[in-house]
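What follows is each chain in one-letter form.
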Amino acid sequence: MIHHQEEMQLFHLQTREFSYVMQVLENGQLVNRYFGKKINRFSSGNKITYLDRAFSPSPITGNRTFSIDTLQLEYSSNGLGDFRTAALELRNEFGTALDLKYKEHRIFKGKKELPGLPQSFGSEDEVETLEIDLYDELTDVTVTLSYSVFSELNYLTRSTLIKAGRYASKIEKAYSFTIDMPHRDVHVHTLTGRYAYEKEWTVTPLPNGKYSIGSIRGASSHSRTPFMALAAEDATEDAGQVYAAHLIYSGNFTAFAETTALDTTRWGMGINDETFSWQLEAGDSFQTPEALISYTDKGLTGMTRDSHNFIRDHICRGEFARKERPILINNWEATYFDFNEEKILDIAKTASQTGIELFVLDDGWFGKRNDDESSLGDWVVNPEKLPNGLGGLARSINDLGMEFGLWFEPEMISVDSDLYRAHPDWAIQISGRDHIYSREQLVLNLAKPEVVDYIVDTVSAILESANITYVKWDMNRNITAIPEDLANDQKHEFYHCYILGLYDALERLVTRFPQVLFESCSGGGGRNDLGLMYYMPQAWASDNTDAIGRLSIQEGTSLVYPVSSIGAHVSAVPNHQVGRITPLATRGNVAMMGGAFGYELDLNQLPQEEIQEVAEQVQTYKEIRSTVQYGDYYRLKKTSNTQAGIYISPDQSQAVFTFVKILAQPEAPLIQVRLKGLDPEAAYHCEALGETFYGDELMNIGLTMPHVQKDYFSVQYIFNKI
Ligand code: DGJ
């Protein structure tokens, strides 16, 4: 996986599909020589062209052609001739410039742990690591670049450790990686959006200058995802070069691609430096979050496949990482805060008769929380609503043959709460200023260890008090008003300290409760990132439960996140977010296509025939669950009015095809969809169509979609190999 060629000081990192080559130049500069389709050997025949470029400064007197301004650097700071966006800015008594030169390297099997951070993992057979120390003599600073190669998985991970030597320094910026590439003709793919409209797949040609996304909300956010891909302009679903990167982090981040006047690109990701700094005393070090980097020439489907496989097997941990997820019913849209034990058990009873496997009690079970204005922080059951406590409720639900799950929002505090009355100083706020509310709540200061302990203790006490096998961990506002009692320097450390506190709490809880499936949520997908997926292998994708709204949200989320991680529910009509009335069949088909399937409505409000339809959907999902959650997903033909996709089980024995048409149109053309991923030689039977087809027919001729003049029409065809 990692080859070191001593004579030329070359490092050649190889995965299944790509090569990543670096070289140490004579003066110690570490440069990138190649990143792209796998090559067998890098012979260095294609030499670096050194030119005397006007206004590109040189550190070597008498040599006007050597300038770091024009080299493809691996990691650099500004101030000594590189005028592009720096990877590192470190301030000390010598200024901010660093002259980072190769010092030594190590190659070893496996991968070191990054303390306190979420990260990829793999066995010594799966991953090999290269660490390169770059050193600045004047400031005595060492920067260790880590490259871990997951060859078969087609991923490279990168992170950076910055170590102060004899002098104290302040880090103003420390990205996880930057890469310089010798071309700029790419399209940038990102996942953007807003609340209830998350993960819009956005594609834009890389402009002249810099294209960046990021967050300074204290969370990765609904509107930006720590992911960026650079794809060839002609890349399609099935072919073409795609470079993709993720940051394994849940807080403020930035991702950028910057072009230069010489048509090269610098690409990078890391903690957002607008809201970050970190004091390093002499001898201290700082570890950046880890980034994942991949390349494929198998188009966007290839990128999706690599990303799903890697995240599923090398980010998600614990017994649920590969386990089929339970079909759940959640009471949020069924009752909101207005429930008691009887009402919950009524819904649970009907749910159990349909074959649903898990009941999730959402917000409102604790303190005196009858609306969203109080009680966050008071994690004590409300006896008026639940006279038999959570233990009693869980038992009754278990008796119905279902598991029991519970909602928490542990990072928050209501001003109207016993916790706030006891510990007002635990809330993030500036004394002397008005509170800045969001949903009438404040955020707990997770940078304080005693607050993290409180969260771990209170959540643990509840989890120990009843048979709870699922937790929905919500987070419904962003961070404002950084406390005034922090020294100025610490203010910029605060956001990262908060995230480290959160990771600490989660690590302790998931270790203590391995039998619990944790699902993350932040008003839907407000913090749906790989940082949290390391602890919680599932995420509630969006508060938008409208089947049509969900099409783009699920498409964007599944562009890179494994389908097993995406919570997708059927809700009532008219839909609570947009008022749309869609057929139950389409709501079911879209949610089943979305991932970890469930319901979020009062089943008792449905007519008997719809309850029967729910039971049939549940039965169907059980038959296709493993294919949807752990199969290969292919996006199929898409128009502005239609969407289609197919899941193929790993052994190609089952395929689940879904087609959705949004609006009926007069004299609409017929729609022909070609399927993908099937065994071309095999015969597949589709019960819904009452027909048997060969894989090659379905993939080359395709199927003509039914011409039905109805809005929100959909079909689901399940193909089983015979
Ligand atoms: C926001 C979540 O996204 C919803 O599903 C629900 O849990 C509410 N919070 C409860 O307050």
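Scoring rules and cut-offs
- Residues numbered from 1 in each chain as written.
- Predicted model: local features only at pLDDT ≥ 70, side-chain atom pairs only at ≥ 80, totals over all residues.
- Heavy atoms only, no water.
- Helix = DSSP H or I, 4+ residues; strand = E, 2+ residues; numbered from the N terminus.
- Rg over C-alpha atoms; globule rule 2.2 N^0.38 Å.
- Buried < 20%, exposed > 50% of the residue type's maximum accessible area, 1.4 Å probe, protein only.
- Contact = heavy atoms within 4.5 Å.
- Areas by Shrake-Rupley, 256 points an atom, 1.4 Å probe, with all protein chains shown as cover.
- Lys, Arg positive; Asp, Glu negative; His and termini not counted.
- Charge placed at Lys NZ, Arg CZ, Asp CG, Glu CD.
- Core = buried A, V, L, I, M, F, W, Y, C linked by side-chain atoms within 4.5 Å.
- Pairing = 2+ DSSP bridges.
- Axes fitted to C-alpha atoms, helices over the stretch in contact; angles between N-to-C directions.
- Patch = residues over 30% accessible without salt bridge, like charges linked within 9 Å, V, L, I, M, F, W, Y side chains within 5 Å.
- Salt bridge = Lys/Arg side-chain N within 4 Å of Asp/Glu carboxyl O.
- UniProt positions renumbered as here; feature names shortened; annotations may be inferred.
- Polar contact = N/O pair within 3.5 Å; in protein donor to acceptor, adjacent residues only side chain to side chain.
- Near = heavy atom within 4 Å.
- Nonpolar A, V, L, I, M, F, W, Y, C, P; charged D, E, K, R; others polar.
- Phe/Tyr/Trp six-rings, centres within 6.5 Å; stacked < 30°, edge-to-face > 60°.
- Lys NZ or Arg CZ within 6 Å of the ring centre and 35° of its normal.
- Parallel < 35°, antiparallel > 145°, perpendicular 65-115°, else oblique.
- Left-handed = near helix turned anticlockwise from the far one by under 90°.
- Expected span 1.5 Å × (residues − 1).
- Bend = angle between axes of the 7 residues up to and from the residue.

**Student:** How would you summarise the overall build of the protein if you had to cite specific residues and measurements?
**Tutor:** Per the secondary structure count, the protein includes 12 helices and 38 strands. At 27 Å, the protein has a C-alpha radius of gyration in line with the 27 Å of a compact globule built from 722 residues. The principal-axis extents of the C-alpha atoms in the protein amount to approximately 90 × 70 × 45 Å. Every one of the 722 residues in the protein was classed for burial, and the buried ones make up 62%. Taking the contacts inside the protein whose residues are at least 6 apart along the sequence as the reference set, 69% of them involve residues at least 24 apart. Of the roughly 26900 Å² of accessible surface on the protein, a fraction of 48% belongs to carbon and sulfur atoms. The positive charge centre, built from 64 side chains, and the negative charge centre, built from 99, are 4 Å apart in the protein.

**Student:** Describe the nonpolar core, naming the residues involved and giving the relevant values.
**Tutor:** Core analysis: the biggest nonpolar cluster contains 173 residues, and W267, L361 and W365 have the highest contact counts within it. If one sorts the elements of this core by residue count, helix 7 (residues 488-512) sits on top with 10 residues. Those residues in contact with W267 that sit more than four places away from it in its chain are F35, F177, T178, I179, M181, M228, L230, Y243, A244, A245, F256 and A257. In terms of nonpolar packing, the next biggest core, distinct from the first, is built from 23 residues, A644, F657, C686 and L698 among them.

**Student:** Could you give me a rundown of the sheet that holds strand 3 (residues 18-24), with the residues and numbers involved?
**Tutor:** One open sheet holds the 4 strands; their spatial order is 1-2-3-4, and the pairing between them is antiparallel. Two strands in the sheet have a free side with no partner beyond their single neighbour: strand 1 (2-5) and strand 4 (30-37). Direction aside, neighbouring strands of the sheet carry axes that sit 15° apart on average. As judged from the 4 bridges shared by strand 1 and strand 2 (residues 10-14), these two strands associate in the antiparallel manner. Residue pairing in the sheet places H3 in a bridge with H12 of strand 2.

**Student:** Before we move on, can you summarise a negative patch on the surface with the specific residues and values?
**Tutor:** A cluster of acidic residues, D185, E233, D234 and D263, forms a negative patch at the surface. Counting through the fold element by element, E233 comes out in the loop between strand 14 (227-232) and strand 15 (242-247).

**Student:** Which residues make up the UniProt feature "domain: Glycosyl hydrolase family 36 C-terminal" (unreviewed entry) in the protein, and what values go with them?
**Tutor:** UniProt records the feature "domain: Glycosyl hydrolase family 36 C-terminal" (unreviewed entry) at residues 644-719, using the numbering of this structure. A helix fraction of 8% and a strand fraction of 42% characterise residues 644-719, whose end C-alpha atoms lie 15 Å from each other.

**Student:** Break down the side chain of S417 for me, with residues and values.
**Tutor:** One can find S417 in the loop between strand 24 (412-414) and helix 5 (418-422). Polar contacts involving the side chain of S417 include one to the main-chain carbonyl oxygen of S414, which spans 2.6 Å. There is a polar contact of 2.9 Å between the side chain of S417 and the backbone nitrogen of Y420.

**Student:** Residues and numbers for the sheet that holds strand 36 (residues 691-694), please.
**Tutor:** Backbone hydrogen bonds are what pair the strands of a sheet, in a parallel or an antiparallel way. Pairing is antiparallel in the open sheet, where 6 strands are placed in the order 31-32-33-38-35-36. Each edge of the open sheet carries a strand with a single partner, namely strand 31 (632-635) and strand 36. Taking each pair of neighbouring strands and ignoring which way they run, the sheet shows an average axis angle of 25°. With 7 bridges connecting them, strand 32 (residues 642-648) and strand 33 (residues 654-661) associate as antiparallel partners.

**Student:** Outline the pattern of salt bridges, supporting the account with residue identities and numerical values.
**Tutor:** If charged atoms from side chains of opposite charge come close, those side chains can pair. Inspection of the entire model under this criterion finds 43 salt bridges. Between D180 and R84 there is a salt bridge, and its shortest N-O distance comes to 3.2 Å. In this pair, D180 sits in strand 10 (residues 169-181) while R84 sits in the loop between strand 4 and strand 5 (88-91), placing the two residues 96 residues apart along the sequence. R84 carries the same exposure label as D180, and that label is buried. What emerges from the salt-bridge pattern is a single network uniting R16, E17, K37, D297, K298 and D306.

**Student:** How would you summarise the UniProt feature "domain: Glycosyl hydrolase family 36 N-terminal" (unreviewed entry) in the protein if you had to cite specific residues and measurements?
**Tutor:** In this structure's numbering, the residues bearing the UniProt feature "domain: Glycosyl hydrolase family 36 N-terminal" (unreviewed entry) are residues 28-281. Here residues 28-281 is 0% helix and 45% strand, with 27 Å between the C-alpha atoms at its ends.

**Student:** So what's going on with the site of the ligand? Which residues, and what values?
**Tutor:** Near the ligand you find 13 residues, and of these D362, D363, K472, D474 and D543 are the closest. At 3.4 Å from an oxygen atom of the ligand is found a side-chain nitrogen or oxygen belonging to W540. Interatomic distance of 2.3 Å between a side-chain N/O atom of D543 and an oxygen atom of the ligand. For the shell around the ligand, a count of residues per class yields 4 nonpolar, 3 polar and 6 charged.

**Student:** Give a description of the packing of aromatic side chains that names residues and reports values.
**Tutor:** Per the counting criterion, the structure on display carries 36 aromatic pairs. Aromatic side chains F276 and W278 sit 6.3 Å apart centroid to centroid with 15° between the ring planes, which places their arrangement in the stacked category. Taken individually, F276 and W278 each receive the classification buried, so the pair is uniform in this respect. Seen from the ring of Y634, R305 lies directly overhead, with NZ or CZ sitting 4.5 Å from the centre. One Lys or Arg, R317, reaches over the ring of Y534 and ends 3.6 Å from the middle of that ring.

**Student:** With reference to specific residues and values, describe the packing of helix 9 (residues 547-560) against helix 10 (residues 584-594).
**Tutor:** Where helix 9 contacts helix 10, the axes come no closer than 10 Å and their chain directions differ by 15°. It follows that helix 9 is roughly parallel to helix 10 by the angle criterion. Here the hand of the crossing between helix 9 and helix 10 comes out left-handed. Residues A547, R550, L551 and Q554 of helix 9 pack against T586, R587, V590, A591, M593 and G594 of helix 10.

**Student:** Outline helix 11 (residues 608-630), listing residues and values.
**Tutor:** Relative to the 33 Å expected for 23 residues at 1.5 Å per residue, helix 11 spans 33 Å between its end C-alpha atoms, a close match to the ideal helical length. I624 marks where helix 11 bends most, by close to 60°.

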